[in-house]
Amino acid sequence: VYRYVLPKKERFQESMEHLKAAQRALQKKQDELAQVQNELNQLQTRYNNTRIDRDRLQNRILQTKKRLDRAKVLIEALSGEKDRWAELVEGLNQAAPSLMGDTLVSTAAIVYVGPFTQEYREKLWNNWLDICIKKDISVSKKDYIELLSAPIEVQEYYTQGLPRDHFSTENAVLLTNCHRWPLLIDPQGQGRQWLIGMEKDNLQVVPYGSTHMLTDIENAIRLGTSVLVEGVPNYIDATLYPILNRRQCELTGVVTIVDIDIEYNKDFRLYLSTSLSNPQYPPEDCIKLTIINFTVTFAGLQEQLLSRVVKMERPWLEQQKDAILKQLFADNSQLRGLEDDILTTLSSVQTDILDDQDLVNTLDKCKKTAREIQIRVSESEQMQNKIESTRKKYLPVATRGAIIYFIISDLTLLNCMYNFSLETFMQVFKTTVYSLGNSYLTPDQEDVVLEFNFNTANRDRQLDFKVEKHVGNLVDHITMNLHKQVFCALYSRHHLVYSMLVCVQVLRKGHLISDTEWDVFLHGGTLKLMTKSSEFGPVMEDDIIQTPFQRAAGVTYQAKRMNRAKSKRILGKPSWLNTSQWEATNMLENTVPAFQGLSKNMLDKPEFWQAMLASDNPFYMFEQTRSRSSSIGSIKSYRADSSLEHISEDSEAEPHSLSATQIAAETRPSWKWSTLTPFQKLMLIKILRMDALMESCSTFVGMTLGEQYLSAHEQTLNKIYKSSRPQTPILFILSPGVDPTTKIQRLLKELNENGDMLEMLSLGRGQGARIEEILRNAMQRGKWVFLQNCHLGHSWLQNLQKVIHSMQTEPLHEDFRLWLSSMPDDAIPGQVIQRSLKVAMEQPRGVKANLHQAFISGVISHGMYTDEDAGPQFKKLVYNLCLFNSVILERKKYGSLGWNISYEFTNSDLEACILVLHQLMSEYVTIPWEALVQLAGTVMYGGRVTDKWDQRALSAILAKFFNKDAIQPGHRFTVSESYQLPEDLSIEETLSYISSLPTYDNPELFGMHQNADRTYNEHTSKELVNYLHVFQPSHQLDHGGYSNKDNIVMEFLIHVHKTLPQRINGLPFMDYIPDMVHSALAGSERPPSVLIEKGYLKAKQSESKHCTPMENVIRQEVRQFNRLLDVIHVGLKTLALCLQGDEAMNEEVDQMYHSILDNKLPSAWREYCTSSFTKPLSHWIEQLVSRITFMQYWIDLNIEGTVSNHLFRVEYSELVKEKENDEQVSFLDVVKMSSAYQKTDKCVEEKLPRSFWLNALFFPRGLLTGILQTHSRKHGIPIDSLTFRHQVASLPTPREETDRQRAQSAGLTPAMWAFPGPDAPDNGILIYDLYLDGGRWDGSNVVEALPSRQVTPLPEIHFLPVQVGSAPKDGVYECPIYRTSERCGSLDQTGHSDNFVTSILLPTEHQPSHWITRGLAIISQTAD
């Protein structure tokens, strides 16, 4: 076993060793293999890495190549944008510091500037910028359009229908940026039209106050749509307040309307608009809304009219212009969208910008688009320049239309019924352009012209001449057609106003009338006030220590000293000019350069100027004196006039005014009146010959525009009917005594229609439902409906507005017509007036027209007129009555000379008189003259007369036509044979005779002097100037160094403050100046008693009844003067604070401000100055100073005596104090107990002025009563038995008149004439400075006035108290005395007019009826 096993072990061992050796060899080989494998792995890894690096490099090469390509694209794409973006970045960097300031002023603009006009907005904006600069707040120089909107947005507004003027653009920017709901002041509907274009189908228009208004708004809030509430009145309904709180609604998401919660959609938009041109909203409404003034501007309307006329004349030009603008908008929109995409991509990119292929593509597209747009813009600009050059050829048409429209739109300032809509104006404008046809050449025709006219300049001249001629025709026809339509709606007294405005505004727009000239023409009184130096200093309290004669001497010395410093022309005033005219002449010379040397020329050549003053037509006299002949038949010839050389047509700058101090009187150039322009002649005529201004203005209009613009081009009712449509109502604007019913009925007969065609209803309570039913039936059946007296149906007028609004959209029968009639009434809705065709109806003018109207109007029925039972004299009396009716109607034109009060006599008065006359003549065999006169003069016509003196005049005129001689065949009612009783009084022959009567009404027919015509002409001329003044209520320019209106008013405040005393120092017993009593007692040896300290202050309330009558007069006057002075000084102080910005200006202060600029008395002062406010403010202030001076002198006369008398009363009151209770003893009891002491030397007699200036007093009747009371007490005669006898002094001798003129030129005012000279008369008083209106005093009698001298001075009148006795009846005329030339006034507590003073008996050689019909009266102040 061992041997068997051992070898095996050995072999095993050996095998094991061989195995180990083999394993070692294997391990070695494996190690070698591992090493080789490791090397192989390393090589593989290196290989792989190398391949990766290769691929990466290839990718980088590819990526770099792409980036290079993209970079190239970017560089090329952005190369054109580099400069623009660099500028944009630079601009942003520069604007960054101004961001806060720009935000501040832009926010202020959004909040505040909306309601204002463009001029005031610019002023506000510039003021805000100046304030920011002063406060070191950086702001840019951009306006808020640039700050709040982008050009592309503005362009979008234009495509939506916004007018292309700057003001409308501002409004659109404000509306789109405001955070409160906007309220548009939109009388012409411009804003409404734009909103509809902007919102399109998303907008719902809702009338304000409609029953479904709230429902429509609630639905819009839920759905997120837009609502326009139009026709908002002067207030906002409280139910809308929750909706107006926009911020709260957006925060809460809920709005509560009438206790109903509605979910608020943030897409909801609310717009409100009003058609009122100047609404007055309360502050609580204003703070809830953003009010934006969308009133059309001149530039905006001019652009619209130009587009419209070019669209009709050259339609392809306007189409090209619109296409270009739309293409530009589309290009800009596309470019802006691409830029926005670029910025969005750049801001969102996360990797390298060169890896964004979309961005690169967008930039490339943007570049190509920009290049295309640039090319199109360049082409568009060239095309636009060509289009604009062609459009400008039609600019005169648009300019004339815009001028006339703004005049028409302002006519509501004259009468609320003169309300014309822009839509109506556009319709007339469009119709006129179409009616003339097109005179243009089409593009093909222009090519033909070019083909046969190789000379382009010749072709252009032919085309330009053709267009210019056609444009001239367009301008003329548009002016005339608008003239016809407007004249039809105006009362005749406003015709010349409209024509004058058109003429002047056309010339002003062409720089042929400067703004300074127009300003001076309207506001000469205010400028005179500002340029005139005050001749007298203020009445100061220190002056009281002087006696009246000392003060008079001091003032005279002061006046002489000031006059020496004045120009020689002031001292050398021509005798043929009054002071007011001379002052106005000097003001004109100092203001308008063309009038330099005028005053010297007047002094050097008085014969020419005196001839001009006496000329019937001074305007033509000027024309005849021109150094060369020149025809002024049109505006072009006006422009060609060499007298316009001082006006630069291309310059808008005003010529500088030269003050009088800058031009010495010795070196002034010789003034040549022959070089004046026609309007400058009007300026001079207005000053020197106001009575000729009306006729001169008519001549001026005829020479400039044409004679056709002076006539009314009467439109018959038939023509008006044919020009109307069923949708357009015809509105009769009535005047008292006019009824268009007969005319409508006559029109029906002309159209062969029966009476059932017309339904007539008068508006009144309870008629609404019936009217609406009749209107519905008439619209369907084609009937006429006449609604009479719309001014009486205020409660139904809103329904009428809705009916007329529905007529524009509902189908109507072609024969349907709606006729309306109304007196002027502010309650008539503007929409009713605007949509109507207006026809003014008024009484015929002139005796001939009224007489003709009386016989054809139906007042005289044919059966009654031919009734034989009335007797053969009936027709004569009817004719005389109709002539009397015409006379009293036309007598109103003479103003206060005709009637103190303008009475509205109507056809019903005449008809009633004819009926009574027929009844009486049928019942009586003989003519009952007394009954006829009483019934006609006292009942029928006299029932309307409320003034005693008018009743006297009516009776005197009636007696001229109702007497036995007046019915004699061939009786003449005037010295001439113009007016007489016709022989054949049949209606046909009577009408034939009436047609032969003269059109001119001779004043003799009215019983007037020939001077009455001059007075009438002067009145109508002043009325014309007042009407023109309404359209420019305050002057606008710099005059005499005044920078603006505020400075002018402030200068006036300073002038008045220095001129007027704070109060009048009254008598020492007066309750409001007790200190004067104590100062007088201070010099007494006896100290004041307890009675003075306690009892006097208690007794002063009843002391007035114990004063003398004249002391009561002074007391009453001084109290009224001080009340007036308090009101004046407090008002002016408040106005000064408002101008300085220390107080808010209310309505009363604003009215005072504009009254000062208008040279009118502020209404706040009028109630304290009775009837004496007919003068301009400048004259009124001067007169008030003189009145105060008179009162102060009168008080000074009595100070010494009054103080002595009161010291006497005090002394005796102390003597009786020991015996009786001082509280029970009045001053009067003390005086009565000491009657013996009254006769001692200690009691001083009361003093009166030598003569009284009646115009200085507030209560002149109180003065006369005081004189009677004084006489009654002095002589113990009952006052009821006393009256006055009047003695008029003889005429002054030439020397006395010369002395008076010298005193006046030396500064002795009317207030001072009462004091120098002899003492006052023992009995009665003297009154001076009175004037006869309608006659003159020859020294012993009243005689006829001299030609052109309607008002003449009257010598002093002695009012002597006498006992009532038998007054002379023959050879005397009872002449009333009035305070002013207006004569009318309001009734006071005595039942008399506060303008009436008393009446006196004047000797005369004529019958009293002669002067009664003349209207002779005495006035205490003239209108100058």
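Up top is the structure these notes are about.
The structure displayed is predicted, hence computed values, not measured ones.

Novice: Any chance you could explain the overall build of the chain here in plain terms?
Specialist: Each helix and strand counted, the chain has 54 helices and 23 strands in total. Within the span of the chain, comprising 1424 residues, buried residues form 48% of the whole. Long-range pairs, those at least 24 residues apart, make up 77% of the contacts in the chain with a sequence separation of at least 6. With an accessible surface of roughly 70500 Å², the chain has 51% of that area assigned to carbon and sulfur atoms.

Novice: What is the right way to look at the packing of helix α12 (residues 298-313) against helix α15 (residues 395-409) in this model?
Specialist: A pair of packed helices can be characterised by two numbers: the angle between their axes and the separation between those axes. Contact pair α12 / α15: the axes reach a minimum separation of 8 Å and the direction vectors enclose 130°. As the angle between them shows, α12 and α15 are arranged oblique. As for how α12 packs across α15, the hand of that crossing is right-handed. Within the contact between the two elements, α12 uses Phe298, Leu301, Gln302, Leu305, Leu306 and Val309 and α15 uses Leu395, Val397, Ala398, Thr399, Gly401, Ala402, Ile403, Tyr405 and Phe406. Tallied by class, the residues present in the contact of α12 with α15 amount to 12 nonpolar, three polar and no charged.

Novice: How should the sheet that holds strand β9 (residues 758-762) be read in this particular structure?
Specialist: Sheet strands associate in pairs through backbone hydrogen bonding, adopting either a parallel or an antiparallel arrangement. Strand order in the open sheet made by the five strands is β9-β10-β11-β8-β12, with parallel pairing throughout. Edge positions in the open sheet fall to β9 and β12 (837-840), since each of these has one partner strand only. Neighbour-to-neighbour, the strand axes of this sheet turn through a mean angle of 20°, independent of strand direction. Across five bridges, the pairing between β9 and strand β10 (residues 784-788) is parallel. Residue pairing across strands places Leu761 opposite Leu787, the latter belonging to β10. Across the sheet, helix α31 (residues 741-750) is in contact with β8 (730-733), β9, β10 and β11 (817-822); its angle to β10 comes to roughly 175°.

Novice: Teacher, can you tell me more about empty space enclosed by the protein here?
Specialist: It is a probe the size of a water molecule, rolled over the atoms, that shows where empty space is left. Applying the stated rule across the entire model yields 13 cavities of 30 Å³ or more. By volume, the largest cavity is sized at about 120 Å³. Asn900, Trp949, Arg1383, Ile1412 and Gly1415 are, among the 18 residues lining the largest cavity, the residues nearest its centre. In terms of residue count, helix α40 (residues 948-961) provides more of the lining of the largest cavity than any other element does, four residues in total.

Novice: Is there a simple way to explain the pattern of salt bridges in this structure?
Specialist: Opposite charge on two side chains permits them to pair, given that their charged atoms come into close proximity. Evaluation of the coordinates by the stated rule reveals 20 salt bridges. A salt bridge links Lys892 to Glu904; the nearest nitrogen and oxygen atoms lie 3.7 Å apart. Of this pair, Lys892 sits in the loop between α37 (874-890) and α38 (907-923) while Glu904 is found in the loop between α37 and α38, placing the two residues 12 residues apart along the sequence. Overall, the relative accessible area of 25% leaves Lys892 in the partly exposed class. Looking at Glu904, the relative accessible area reads 37%, which means it is partly exposed. Across the salt bridge formed by Arg1063 and Asp1126, the nearest N and O atoms sit 2.8 Å from each other. A residue pair is termed long-range when its members are at least 10 positions apart, and Arg1063 in the loop between α43 (1045-1059) and α44 (1074-1082) and Asp1126 in helix α46 (residues 1109-1139) qualify at 63 residues. On the basis of relative accessible area, Arg1063 is assigned to the partly exposed category, the value being 32%. By relative accessible area, which is 31% here, Asp1126 ends up partly exposed. Ionic contacts of the salt-bridge type, sharing partners, join the residues Arg689, Asp691 and Arg1014 into one network.

Novice: For this particular structure, what's the right way to read a positive patch on the surface?
Specialist: Side chains of Arg308, Lys311, Lys326 and Lys430 sit close together on the surface and give a patch of like positive charge. As for its placement among the helices and strands, Arg308 is situated in helix α12.

Novice: Please explain helix α29 (residues 693-704) as it appears in this structure.
Specialist: Structurally, the α-helix is built with 3.6 residues per turn, so residues lying three or four positions apart point the same way. Helix length check: α29 (12 residues) gives 16 Å between terminal C-alpha atoms against 16 Å at 1.5 Å per residue, within 8%. Taking burial as the measure, the 12 residues of α29 include nine buried ones, the bulk of the element. Considered for burial, the residues of α29 that qualify are Leu693, Ser696, Cys697, Thr699, Phe700, Val701, Gly702, Met703 and Thr704. Phi for Gly706, located one or two positions after α29, is positive at around 135°.

Novice: Just checking my understanding: could you explain the packing of aromatic side chains for this structure?
Specialist: In this description, an aromatic ring pair is defined by two values, namely the gap between the centres and the angle between the planes. Applying the stated rule across the entire model yields 46 aromatic pairs. Note on Tyr1378 and Phe1396: the rings are 5.9 Å apart at their centroids and 65° apart in plane angle, and the pair reads as edge-to-face. Of this pair, Tyr1378 sits in strand β21 (residues 1372-1378) while Phe1396 is found in strand β22 (residues 1396-1403), placing the two residues 18 residues apart along the sequence. Both residues of the pair, Tyr1378 and Phe1396, count as buried. Within the aromatic cluster, the residues linked to one another by ring pairs are Phe884, Trp899, Tyr903, Phe905, Tyr941, Phe961 and Phe973. Across the ring face of Trp181, the terminal group of Arg246 is positioned such that the distance to the ring centre comes to 4.1 Å. The ring of Trp949 carries Lys948 above its face, with NZ or CZ at 4.6 Å from the centroid.

Novice: Would you take a moment to explain the side chain of Thr1398 for this structure?
Specialist: Secondary-structure assignment places Thr1398 in strand β22. Residue contacts for Thr1398: discarding those within four places in its chain leaves Leu1264, Phe1359, Cys1375, Pro1376 and Ile1377.

Novice: Just to check I follow, could you spell out a negative patch on the surface for this structure?
Specialist: A contiguous patch of negative charge on the surface is contributed by Glu983, Asp984, Glu988 and Glu989. You can see Glu988 is positioned in helix α41 (residues 987-995). For Glu988, a relative accessible area of 57% puts it in the exposed group.

Novice: Is there a simple way to explain the pairing of strand β15 (residues 1325-1328) in this structure?
Specialist: Regular strands show a simple pattern: their side chains alternate between the two faces of the sheet. Here β15 shows a buried face lined by Ile1325 and Ile1327 and a second buried face lined by Leu1326 and Tyr1328. When strand β13 (residues 1252-1253) meets β15, the two strands line up parallel, connected through two bridges. Paired with Trp1253 across the two strands is Tyr1328, which belongs to β15.

Novice: How should unusual backbone geometry be read in this particular structure?
Specialist: Only a minority of non-glycine residues have a phi that is not negative, and only a minority of peptide bonds are not trans. With phi around 60°, Asp136 is a residue other than glycine that occupies positive phi space. A relative accessible area of 73% places Asp136 in the exposed class. Phi is positive for Ser1348, close to 65°, though the residue is something other than glycine. Among the secondary structure elements, Ser1348 is positioned in the loop between β18 (1342-1343) and β19 (1351-1354).

Definitions and limits used
- Residues numbered from 1 in each chain as written.
- Predicted model: local features only at pLDDT ≥ 70, side-chain atom pairs only at ≥ 80, totals over all residues.
- Heavy atoms only, no water.
- Helix = DSSP H or I, 4+ residues; strand = E, 2+ residues; numbered from the N terminus.
- Buried < 20%, exposed > 50% of the residue type's maximum accessible area, 1.4 Å probe, protein only.
- Contact = heavy atoms within 4.5 Å.
- Areas by Shrake-Rupley, 256 points an atom, 1.4 Å probe, with all protein chains shown as cover.
- Axes fitted to C-alpha atoms, helices over the stretch in contact; angles between N-to-C directions.
- Parallel < 35°, antiparallel > 145°, perpendicular 65-115°, else oblique.
- Left-handed = near helix turned anticlockwise from the far one by under 90°.
- Nonpolar A, V, L, I, M, F, W, Y, C, P; charged D, E, K, R; others polar.
- Pairing = 2+ DSSP bridges.
- 1 Å grid on protein atoms, 1.4 Å probe; cavity = no way out; pocket = protein on both sides within 12 Å on 5 of 7 lines; lining within 4 Å.
- Points joined across faces, edges and corners; volume = space filled by probe spheres on them.
- Salt bridge = Lys/Arg side-chain N within 4 Å of Asp/Glu carboxyl O.
- Patch = residues over 30% accessible without salt bridge, like charges linked within 9 Å, V, L, I, M, F, W, Y side chains within 5 Å.
- Lys, Arg positive; Asp, Glu negative; His and termini not counted.
- Charge placed at Lys NZ, Arg CZ, Asp CG, Glu CD.
- Expected span 1.5 Å × (residues − 1).
- Phe/Tyr/Trp six-rings, centres within 6.5 Å; stacked < 30°, edge-to-face > 60°.
- Lys NZ or Arg CZ within 6 Å of the ring centre and 35° of its normal.

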